[in-house]
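# Examining the three-dimensional arrangement
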Amino acid sequence: MATDLHELLRSLRVWDPEVTDLPSFDPGAAPAEPLPLFTEWFAQAVAAGEREPHTMTLATVDDEGLPDARIVMLHGADAAGWSFATHVTSAKGRQLAARPYAALTFYWPALGRQIRVRGPVSVAPSAEAQADLHARSTGALAAALTGRQSEVLGSVEELATASGAAWEEADRNPGAESPTWTLYRLRAAEVEFFQGDGRRRHVRLAYRRMTSGSGSGSNSGSGSGSGWERVLLWP
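Residues numbered from 1 in each chain as written. Predicted model: local features only at pLDDT ≥ 70, side-chain atom pairs only at ≥ 80, totals over all residues. Heavy atoms only, no water.

## Let's talk about unusual backbone geometry
We note that Arg148 has phi near 60°; this positive angle belongs to a residue other than glycine. Position of Arg148 among the secondary structure elements: in the loop between helix H5 (138-146) and helix H6 (156-172). Given a relative accessible area of 51%, Arg148 falls into the exposed group. (Helix = DSSP H or I, 4+ residues; strand = E, 2+ residues; numbered from the N terminus. Buried < 20%, exposed > 50% of the residue type's maximum accessible area, 1.4 Å probe, protein only.)

Rendered as structure tokens:
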């Protein structure tokens, strides 16, 4: 018997208390910059048992101005930005080359938390990209060496042959380079932290990077000289 999608959807719960802990979040006590809070929330997501807290949605825009999105892995977050990697020849690589601006979304349902990051994207030096690749698993290197991401595939057998050769190369030469493998860094212009609440009084705290000459706004609360303003948003 076919599954009724609407009935299935209505049977599901958001933030089931048996598997979800909705912690309190006091935005007034949040740090002056977003990175320390991101780091704290990320560590708490790991401690809460999130299976893949480092996965995130990467949203870009194609050459027709239409949105595109997919799940990728976070490779790091520091003063230089939030980093991720892909082939420069892939669909997202081509989109970022044409419009170097993107948005990231993290969702950690065990804590009812979401983080959104958006801003301009830059390309890291090739040596950093290769070092990042070689710090990962043999499987990651084999996938990078397989290449041709987003191209039309003739058959699953073709993939199996190319992948097998790439695995052999990765095992034989762990330092092999993938010329198209590229490390990207998103320098946040805005970071929003969302904390879910059981009574739907969700807390949304947005950090917005201040440009030269911009004011902090009456609802700011950013520290002096921090370069960020903080504002609360209606849920």
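Let us keep going from here.
## Focus on the packing of aromatic side chains
How two aromatic rings sit relative to each other is given by the distance of their centres and the angle of their planes. Here the structure, examined in full by the defined rule, presents 12 aromatic pairs. Both rings, one in Trp15 and one in Phe194, keep their centres 6.4 Å apart while their planes meet at 45°; by these two values the pair is tilted. With a gap of 179 residues between them, Trp15 in the loop between helix H1 (5-11) and helix H2 (34-47) and Phe194 in strand E8 (residues 190-195) connect regions that are remote in the sequence. Each member of the pair Trp15 and Phe194 is classed as buried. Ring geometry for Phe84 against Tyr184: centres 5.5 Å apart, planes inclined by 15°, an arrangement best described as stacked. Taken together, the residues Phe84 in strand E4 (residues 81-87) and Tyr184 in strand E7 (residues 181-186) connect sequence positions 100 residues apart. By relative accessible area, Phe84 is classed as buried at 0%. Positioned over the ring face of Trp41 is Arg113, at 4.0 Å from the centre of the ring. (Phe/Tyr/Trp six-rings, centres within 6.5 Å; stacked < 30°, edge-to-face > 60°. Lys NZ or Arg CZ within 6 Å of the ring centre and 35° of its normal.)

Scope: geometric values only; no functional claims are made or implied.
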